[in-house]
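Below are the chains, spelled out letter by letter.
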Amino acid sequence: MILAFSNWLILCFLVISPGPSYSTFDPVSVCLSQEEYELYNNINRYRNSKGLPSLQLSASLTYVAQIHARDLQDHYGHGKRCNLHSWSNHGPWKPCCYTDDHKKAACMWYKPNELTGFEGIGYEMVFYSTYPGDVSNMAQGALNGWKNSSKHNEMIIHKGMWKQISWKTIGIGIVENYAVVWFSDTPDPRPIPLLCE
C-alpha cells in the first residue's frame with residue numbers, strides 16, 4: 001500500500017511539474033553562462049561601434065530568453081508553419097503559434113509580463129545554428145547571423161521600423177543550437193544577472 005502510494009506521488013509529480021528547466025522565476029537566481037555573457041558583450045560592442053549606448057542586462061528578459069531557448073531546443077519542429085517565436089504547450093506559459101504574418105505578435109511581446117511580471121513588453125530575436133553539436137562559438141555566430149539579416153540588424157541598431165525605439169534592457173539565452181535575445185525599452189528594477197558560478 002505504501003509503495004503504491006509512493007509510486008502514485010512520483011507519477012503525479014512527473015506529470016504536473018514543468019521540471020528544473022522551467023523553474024519559477026526568481027530574479028536573484030538568474031545568471032548567464034560564459035557564452036551568454038559573451039553574446040551580451042558582443043551585442044554591446046557592436047552597438048557602441050554605431051554610437052549607441054550599451055544595454056543593461058535584465059533578469060526578467062534573461063529568464064524569458066533562457067527558458068524559450070530551452071523550449072525551442074526541446075520542442076520546436078522545423079518546417080512547420082509556427083516560426084521560432086512560437087512557444088510549445090510543454091511549460092508553465094500560454095502556448096503560442098507565431099506565424100510569418102505576425103497576426104499573433106502579442107503572444108510573444110507579452111511573454112516577459114506573463115512569466116516574470118515585467119512591466120514592459122519585449123521583442124525577441126532567435127538564431128538557430130544548423131551545425132548540430134558545433135556551438136562552441138555561438139555568441140559570435142548568432143551576432144554574425146543577425147548582422148547579416150537586415151531586419152535583425154535594424155532591430156539591434158535602431159534603424160528602419162525600430163528607429164523611434166530606444167532599447168534600455170536586454171536578456172540573453174543560449175541552449176545548444178539556439179540563441180535567444182530579448183530587447184525592451186523598459187528598465188528592469190530587479191538585480192542585474194551575473195555570470196553563473
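This text gives an overview of the structure that appears in the document. (Residues numbered from 1 in each chain as written. Predicted model: local features only at pLDDT ≥ 70, side-chain atom pairs only at ≥ 80, totals over all residues. Heavy atoms only, no water.)

**Brief notes about the pairing of strand E5 (residues 178-184)**
Inclusion rule: Working definition: with a 1.4 Å probe on protein chains only, accessible area under 20% of the residue-type maximum means buried, over 50% means exposed, and in between means partly exposed. Numbering of helices and strands runs from the N terminus; a helix is a DSSP stretch of H or I covering at least four residues, while a strand is a stretch of E covering at least two. If DSSP finds at least two bridges between two strands, the strands pair.
Counting buried residues in E5 gives seven out of seven residues, a clear majority hidden from the surface. Sheet analysis places strand E3 (residues 123-128) next to E5, joined by six bridges and oriented antiparallel. Within E5, the residue paired with Glu-124 across the bridge is Trp-182. As defined by bridge partners, strand E4 (residues 169-175) adjoins E5 across seven bridges and the pair is classed as antiparallel. Residue pairing across strands places Ile-174 opposite Ala-179, the latter belonging to E5. Taking the residues between adjacent antiparallel strands as the criterion, E4 and E5 are bridged by two residues, where Glu-176 takes a positive phi near 50°.

**Points about the pattern of salt bridges**
The criterion, for reference: Any Lys or Arg side-chain nitrogen found within 4 Å of a carboxyl oxygen on Asp or Glu counts as a salt bridge.
Throughout the structure, instances matching the rule amount to three salt bridges. For Glu-176, the salt bridge goes to Arg-70, with nearest N and O atoms at 3.9 Å. Taken together, the residues span a long stretch of sequence, with Glu-176 in the loop between E4 and E5 and Arg-70 in helix H3 (residues 59-75) at a distance of 106 residues. Judged by its relative accessible area of 44%, Glu-176 is partly exposed.

On their own, these measurements won't tell you what the molecule is for.
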